[in-house]
Amino acid sequence: EEDEINRSILGCPASLWFVILFWFTGLAVMWHFGIVQPLLRQLVVFIMLALAVVGFFIIISFEAWARLQKRGHVVLQVLQLFHERIDHVLSALGFREEDVSSDSDEDDLDEQQPRRSEATTGR
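What you see is a predicted model, and the numbers here were worked out from it, not measured in a lab. (Residues numbered from 1 in each chain as written. Predicted model: local features only at pLDDT ≥ 70, side-chain atom pairs only at ≥ 80, totals over all residues. Heavy atoms only, no water.)

Here we take up the overall build of the protein. Of regular secondary structure, the protein possesses four helices and two strands. Shown N-terminal to C-terminal, the secondary structure of the protein runs as helices and strands in the order α-β-β-α-α-α. Surface exposure of the protein reaches about 11,500 Å², of which carbon and sulfur atoms provide 67%. (Helix = DSSP H or I, 4+ residues; strand = E, 2+ residues; numbered from the N terminus. Areas by Shrake-Rupley, 256 points an atom, 1.4 Å probe, with all protein chains shown as cover.)

This paragraph deals with a nonpolar patch on the surface. Together, Leu16, Trp17, Ile20, Trp23, Phe24, Leu27, Val29, Met30, Phe33, Ile35 and Leu39 make up an exposed nonpolar region whose accessible area comes to about 1,100 Å². At eight residues, helix H2 (residues 14-32) tops the list of elements feeding residues into the nonpolar patch. The topology assignment puts leucine 27 in helix H2. Classification of leucine 27 as partly exposed rests on a relative accessible area of 32%. (Patch = residues over 30% accessible without salt bridge, like charges linked within 9 Å, V, L, I, M, F, W, Y side chains within 5 Å. Salt bridge = Lys/Arg side-chain N within 4 Å of Asp/Glu carboxyl O. Buried < 20%, exposed > 50% of the residue type's maximum accessible area, 1.4 Å probe, protein only.)

Here we take up H2. Here H2 is 19 residues long and its end C-alpha atoms lie 27 Å apart, about the 27 Å a rise of 1.5 Å per residue gives. Note on H2: the residue one or two positions beyond its end, glycine 34, has a positive phi of about 80°. (Expected span 1.5 Å × (residues − 1).)

Okay, here's the thing in structure tokens:
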């Protein structure tokens, strides 16, 4: 156990520090001879292209979402108008009172049943 403690630097094994030192030394040498720069330029170009494509898809998605919201709003308006017209027709035929208070649905059904039978029998 003491050998492991003595061979660690800042909590990491000494072999890991050797690999890190070897890695950065090799990187520095390759940088000095100009080997790394073209690779980094190419990597930056790929990253910029990827960001452009992602940004394009984000913009397209937001535009599509905005159009869907507008269409959904129009559909809701049409449905509301249709509902109001159906309510008007039902109240004109006597199936529903024009000024419906906040009664429960069961009360409305109980009141509507006799009216429907009266309307169909002609009374």
